[in-house]
Structures are given as structure tokens and as C-alpha cells.
Amino acid sequence: MTLSAAVPVWAQEKPQIEFLYSPFADYAPFFLAEELGYFEEFGLDVTLSPKSGTAETIQMLASGNVVSGAATWGAGLFNSINSGATVTIVATLAKMPDSVPSPSPFMVSEQAWQDGIREVKDLKGKRVGIPGPGGFGLYSVAKALEKGGLTVDDVEAIYLPPPATAAAFANGGLEAGWSIEPFALQLEKQGLGRRLVEDHTFGTELGFIAFNNEFVTENEDAVVNFMAAFLKAARQLDNGGWEDDSILEIVSKYTGTEKETLKGIAYTIRSEDGSIDLASVREQEEFFRARGALEYDGPVDIDSVYRTDLLEKANALLAKQ
């Protein structure tokens, strides 16, 4: 018997998948799946590539420049679905827990705090950091501002990525801003920021995992295997994995955060089967409609791009292990 005949077909020709990620803790399942060999276990050759934001991810997936990535729900994605998006959504990335501390708190700079900004209402006319004009960050900031009777239009929105918030807090460039772990705890430990609001997005879907349509059509089994590896890693994290030093070392490698800092952060969660809470997604859609950011009327047809059948197959595959 030849070597090739002795090796399963899926192991002979490993599908190559480049996945776009952000250096945030909610992407930890992908870091584990890569470093612990789960992608390889399911017959895949996966490359994890850093990205700059949601808009970039959707554009690159739609164009086929990259076959997979994760992004937050936002106006651009909703408009893209309405216009016939060439992306396939397969599962949740993460969602916010129903408790505090929050993995994505709305924070005030220490300098602003010392200057007397102690409540959300004090931020009227002030500079607030938001990661982008049309994604979860904007929605989250808006929900936080509501706690003080304000809207995004009542503050000066400054768009910048979460890692840049520390410098902006330090040099007085921002009074407040959106954050996400592990950057939120870093701001606290460095004495640069304080949590101002944490109960504004309980249970909110944070993001989703998607693939290029053409890739899915030609490689359904690879997508199912990718999701099985993701779910295996996610369940490991959600069932005590964050207490394992070796896992924290892996997350530290990809987020650039010290292992000891990761031990103290709040974690996002996800449904065990990877399914998406569409009611939460619809709330975000309505928020962007109220802001005039959507190019269509009525609810967009999410079912046209959400392949629950692939997710079901991934769960079934994992159950056989």
C-alpha cells in the first residue's frame, strides 16, 4: 500500500483558509484552534491574519481576497446583505455576558475623571473614542450614552482603534471611549481610565464568522471542519480554559497582553452550538436605521446569508469525537 493510499483524502489535500482576526480576547478560540492543532486535526491549513476593522473584513471577503474572517454587526454589513452580499455567515463570534464586569466597558479617562467628569451626562460636547462609524463600537457607545440621556450626536466622535485609546487618554485627546478586553483592563492597570458604564449591552451579539460565498460553494466540508475546530476551542475556553496558564500564554501571544493581565479580564461568551441570537442582531439593525445609515426599508433578509445547516453539520461532526 502506498503512503497516499493509507492517508485519508482530507489529510492528503488540506484546504487552505486565511482567516482575518483582531487582537482581542473574543478571538481567543481561533488562537487556540491554531496553536493546539485543532485546525490540523480537522484537515485544514489555516493562516491567521490580523485586520484593521469590520469594513475591511467584509470588503476582502466579498472580493475573495481572503476567504474567511470575523466582524461585528454594522450598517455596512446590513447594506451589503440587502444589495446581494457575496459572503456567507456561519456562526456567532461572541456575545456580551449578562453580568459585570463587562468585556467591553464604556470608559472615562483618568484625567477627565479628575477634572470632574463622573457621570455620562457630563460628557455632553466632549470627545469620545469610537472604533468606527458603523459597527458594534458605535452601537455600544450609543447605548452607554443613553444612560445619561445623551446620543452620539451630543458628543464629538473621534474614530480610532481600541489600542490607540491609551495614548489618547494619556495625552488628553479623549474624555471617554469604547474599549474591549484586554485593552480595558490595561487602561485600568496603567491608571489611564476608569469604567463608567458596564450594563449597557447585556446579551448583545458582538460579531459573526463569515466566508466568501464562492469558497463555501466549492468547499462546504472545509467550512464545516473549520467551524468544528472553532467550536471545540470555544467550548474549551468557556469550560474553564481561561484558568489554564498554557492557554493564557497562547492568547497572550496573539493579543500582545501579559498573561497575568489576561487572568483578570472579563470574557465574552457565546452559545455552545455557535448559533446567533437574531433578536439581538435586529436591535442593532434598527439602531442603524434610526441613524439613517441603512439604504433599505424593513428587516434585511439575514436568512439569505446565514447558513445554519453548516453550523449543524459542524456540531454533529464534533459530537462524533
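Structure first, text after, so check above.
Summarised in this report is the structure supplied together with it. (Residues numbered from 1 in each chain as written. Predicted model: local features only at pLDDT ≥ 70, side-chain atom pairs only at ≥ 80, totals over all residues. Heavy atoms only, no water.)

A look at helix H6 (residues 75-82)
Extensive coverage of H6 is indicated by the burial of six of its eight residues. For H6, the set of buried residues is Ala 75, Leu 77, Phe 78, Asn 79, Ser 80 and Ile 81. (Buried < 20%, exposed > 50% of the residue type's maximum accessible area, 1.4 Å probe, protein only. Helix = DSSP H or I, 4+ residues; strand = E, 2+ residues; numbered from the N terminus.)

Regarding helix H16 (residues 308-319)
Here H16 contains twelve residues, and its C-alpha end-to-end distance of 17 Å stays within 8% of the 16 Å for a straight helix at 1.5 Å per residue. Buried within H16 we find Leu 310, Leu 311, Ala 314, Asn 315 and Leu 318. Seen along its axis, H16 keeps its buried residues to an arc of 140°; they face one direction. Projecting away from the buried face of H16 at angles above 90 degrees are the exposed residues Glu 312 and Ala 319. (Expected span 1.5 Å × (residues − 1). Arc of directions from axis to C-beta.)

Quick look at the packing of helix H8 (residues 136-146) against helix H15 (residues 278-290)
Contact geometry of H8 with H15 gives a least axis separation of 11 Å together with a crossing angle of 85°. Classified by the interaxial angle, the pair formed by H8 and H15 is roughly perpendicular. The segment H8 lies against H15, with Phe 136, Leu 138, Tyr 139 and Ala 142 engaging Glu 283, Gln 284, Phe 287 and Phe 288. Grouping the constituent residues of the contact of H8 with H15 by class yields six nonpolar, one polar and one charged. (Axes fitted to C-alpha atoms, helices over the stretch in contact; angles between N-to-C directions. Parallel < 35°, antiparallel > 145°, perpendicular 65-115°, else oblique. Contact = heavy atoms within 4.5 Å. Nonpolar A, V, L, I, M, F, W, Y, C, P; charged D, E, K, R; others polar.)

Quick word on the pairing of strand E10 (residues 205-212)
Burial within E10 is extensive, with eight of its eight residues counted as buried. As paired strands, strand E3 (residues 68-72) and E10 are joined by five bridges and run antiparallel to one another. Across the sheet, residue Gly 69 finds its bridge partner in E10, namely Ala 210. (Pairing = 2+ DSSP bridges.)

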